[in-house]
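This is what each chain is made of:
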Amino acid sequence: MKEIEITVPINLELSKKELYALVARSMGITPESVGEALIVRRSLDARGKNVLYRLKVEGYKRGEEPVYRYKEPVYKNVREGKSVIIVGAGPAGIFAALKLLERGYKPIILERGKDVHQRKSDIARLSREQFVDPDSNYCFGEGGAGTYSDGKLYTRSNKRGDIYEVLNQFVFFGADKNILIDAHPHIGTDRLPQIIENMRLTIIENGGEYHFNSRVVDLITEGEVVKGVKCKGGKEYYADNVILATGHSARDIYRLFSERGWKIEKKGFALGVRIEHPQSLINKIQYHGFYQPYMPAAEYSQVAQIEGRGVFSFCMCPGGILVPASTASGELVLNGMSNSARNSKWANAGVVVSVEPSDISGYEKYGELALMEFQSDIEKEAFMYGGGNIKAPAQRMTDFLKGKDSSGLPQTSYHPGAVPARIDGILPGFITSRLKQALYIFDRRMKGYITPDALLLAVESRTSSPVRITRDPDQLCHVTFKNLYPCGEGAGYAGGIVSSALDGINVANQIK
Ligand SMILES: Cc1cc2nc3c(=O)[nH]c(=O)nc-3n(C[C@H](O)[C@H](O)[C@H](O)COP(=O)(O)OP(=O)(O)OC[C@H]3O[C@@H](n4cnc5c(N)ncnc54)[C@H](O)[C@@H]3O)c2cc1C
């Protein structure tokens, strides 16, 4: 096998014959002697006038056995298998369940929200009537926070496990095969619900169980053993092992741990705003003025160190829209999502500052929940500044930098609407001063990033969990309850769809 790099103009589709000819030339053999040419990586190169795809290709001679990345998962029938309770049907919970199926265990999934399709109506209602259902919203319900999202599957968490194990399963359940080769794979919110449903159907067909509208409110414990869980309404479920994959927005679970004195710890997170630009401007900047309509909507990723804290762009959604990701009434949280075509007029990204426990004062009384209560207070503040509904308080970027009110606002993708407000009234000074400095740095790297057409909208606060449910680093179980497995983003050990899915797989591998 020989690894070859090929560059092709972005608007050119290579035929198999052309690909084989290029591989043959590089290998010094005839095209007829090429057994297989596998494209294993595709990345966009927009540095020059000619925008290219850089392809990494594996060339195999006839007779050589190609190594295919895509392998179909094999799931067992687990009707008679040992039961494992999984609390939460987000990426961590679902991928844990799929791994348990492979290993012959029977997953019993308890999810506080509804199935993906019913959940969609609650989400539509949220924007229309500004009513937040505490069990069915952008964060809660089948598929978790990852369903009505951008579906970016890019992760740096290579050390956590085999990313292909996650990507292969997404493909098996209906995602485009290109996610296996793209440097920045993405699925899109229009495709994710069907994939999530296909996963559920397979889990049930193989003997697993799903129970929706089943919010877990307590653990049933005996000494240092968890016997089962209790749901709202009193129904109880029992099993030898419990995986707790409730995500970073399940504050009731953190409060339960705190009240019962079960070990948790505070954890730094990041706080800031969502910034929305016209996508055409981001295309112009990132493609250096050479954007053509056949090119994908441009992305960006920025990071700066300001006064000892990281300031970084987070979950950038090219061609996306802003959505209300609140999980309770009286609070306002923004996030972004996009469909597979990424074809809206807007580009949005969280731009956030790392927050460490030492940055805040006055929250000591909350103990390990200090950062969570701080996060919650900021979200309440944003809600009030928005006018007491889910309209987003917003300020033009140029006004934010000058410290002046915005008299009018540009259009936004945020359906509930935006109202002019001072961002420095909502976020504390240690955040806004760093945000300001970072924006000037971003503008030096991306000329034109600072513009009156860009909006800062408050707040982006659910970047990662402000609490960690402490677990044993080797066994991945809770430090006290050896048969309880805190898992995914809510446990504080993952962030994003792929890393949460990998954590689900790792935890499921620990079950005995
Ligand atoms: C709008 C939006 C866009 C995003 N876009 C991306 C993206 O493009 N790429 C990316 O990598 N990440 C994205 N994220 C983040 C990503 O979705 C999360 O990192 C990921 O979903 C975390 O997975 P998880 O399984 O650990 O938790 P979650 O996805 O939060 O799932 C937790 C599940 O547990 C359930 N639950 C909570 N409490 C209970 C209880 N007491 N009883 C029963 N069930 C309970 C919830 O209803 C939920 O279904 C986005 C998030 C949002 C909100």
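Note: the structure precedes this text.
Residues numbered from 1 in each chain as written. Predicted model: local features only at pLDDT ≥ 70, side-chain atom pairs only at ≥ 80, totals over all residues. Heavy atoms only, no water.

Enquirer: Would you mind showing me how to read the overall build of the protein chain here?
Expert: A tally of regular secondary structure across the protein chain gives 12 helices and 22 strands. For a compact globule of 512 residues, the expected C-alpha radius of gyration is about 24 Å, and the protein chain comes in at 24 Å, within 12% of that figure. Across its three principal directions, the C-alpha atoms of the protein chain cover 70 × 65 × 40 Å. Here the protein chain holds 512 residues, and 57% of them are scored as buried. As displayed, the protein chain offers around 21200 Å² of accessible surface, 49% of which is attributable to carbon and sulfur atoms. Of note, the protein chain has its 66 positive side-chain charges centred 3 Å away from the centre of its 59 negative side-chain charges. (Helix = DSSP H or I, 4+ residues; strand = E, 2+ residues; numbered from the N terminus. Rg over C-alpha atoms; globule rule 2.2 N^0.38 Å. Buried < 20%, exposed > 50% of the residue type's maximum accessible area, 1.4 Å probe, protein only. Areas by Shrake-Rupley, 256 points an atom, 1.4 Å probe, with all protein chains shown as cover. Lys, Arg positive; Asp, Glu negative; His and termini not counted. Charge placed at Lys NZ, Arg CZ, Asp CG, Glu CD.)

Enquirer: What should I look at first to understand the packing of aromatic side chains in this one?
Expert: Two descriptors summarise a pair of aromatic rings, namely the distance from one centre to the other and the angle between the planes of the rings. Within this structure, the stated rule accounts for 14 aromatic pairs. Taken together, a centroid distance of 6.0 Å and an interplanar angle of 35° make the contact between Tyr 363 and Tyr 366 tilted. With relative accessibility at 16%, the residue Tyr 363 sits in the buried group. A network of ring pairs unites the aromatic residues Phe 269, Tyr 363, Tyr 366, Phe 374 and Phe 430 as a single cluster. Here the guanidinium or amino end of Arg 468 rests over the ring plane of Tyr 493, the centre of that ring lying 5.5 Å away. The aromatic ring of Tyr 493 is capped on one face by Arg 471, whose charged end is 4.0 Å from the ring centroid. (Phe/Tyr/Trp six-rings, centres within 6.5 Å; stacked < 30°, edge-to-face > 60°. Lys NZ or Arg CZ within 6 Å of the ring centre and 35° of its normal.)

Enquirer: Please clarify how the packing of helix H2 (residues 91-103) against helix H5 (residues 192-205) should be interpreted in this entry.
Expert: A pair of packed helices is captured by two measures, namely the crossing angle of their axes and the spacing between those axes. Two numbers describe how H2 lies on H5: the axes approach to 11 Å, and their chain directions differ by 35°. The crossing of H2 and H5 is left-handed. In contact with Ile 94, Phe 95, Ala 97, Leu 98 and Leu 101 of H2, H5 contributes Ile 196, Met 199, Thr 202 and Ile 203. In terms of residue class, the contact of H2 with H5 is built from 8 nonpolar, 1 polar and no charged. (Axes fitted to C-alpha atoms, helices over the stretch in contact; angles between N-to-C directions. Left-handed = near helix turned anticlockwise from the far one by under 90°. Contact = heavy atoms within 4.5 Å. Nonpolar A, V, L, I, M, F, W, Y, C, P; charged D, E, K, R; others polar.)

Enquirer: Where do I start with the state of the cysteines in this structure?
Expert: Disulfide: a covalent bond connecting the sulfur atoms of a pair of cysteines. This model, assessed by the stated rule, comprises 0 disulfides. Note on Cys 487: no disulfide assigned, nearest cysteine sulfur contributed by Cys 477 at a separation of 13 Å. (Disulfide = S-S within 2.5 Å.)

Enquirer: Teacher, can you tell me more about the nonpolar core here?
Expert: Among soluble globular proteins, nonpolar side chains are generally buried collectively. Counting 154 residues, the largest nonpolar core has Phe 170 and Ile 243 as the members making the most contacts within it. Broken down by element, the residue count for this core peaks at 8 residues, all from H2. Residue contacts for Ile 243: discarding those within four places in its chain leaves Val 84, Ile 85, Ile 86, Val 87, Ala 96, Leu 100, Tyr 485, Cys 487, Val 507 and Ile 511. (Core = buried A, V, L, I, M, F, W, Y, C linked by side-chain atoms within 4.5 Å.)

Enquirer: Just checking my understanding: could you explain the site of the ligand for this structure?
Expert: In the vicinity of the ligand, 37 residues are found, and the nearest of them are Ala 92, Glu 111, Ala 145, Glu 489 and Ile 497. Between the ligand and the protein, one listed contact pairs an oxygen atom with a side-chain N or O atom of Glu 489 at 2.5 Å. Within the backbone of Ile 497, one N or O atom sits 2.7 Å away from an oxygen atom of the ligand. For the ligand, whose accessible area on its own is 990 Å², the fraction buried by protein is 96%. Its residues placed into classes, the shell around the ligand shows 16 nonpolar, 15 polar and 6 charged. Looking at which domains feed residues into the shell around the ligand, each of domain 2 (83-263 + 467-508) and domain 3 (268-460) gives three or more. (Near = heavy atom within 4 Å. Polar contact = N/O pair within 3.5 Å; in protein donor to acceptor, adjacent residues only side chain to side chain. Domains from an automatic or database assignment.)

Keep in mind these values describe shape, not function.
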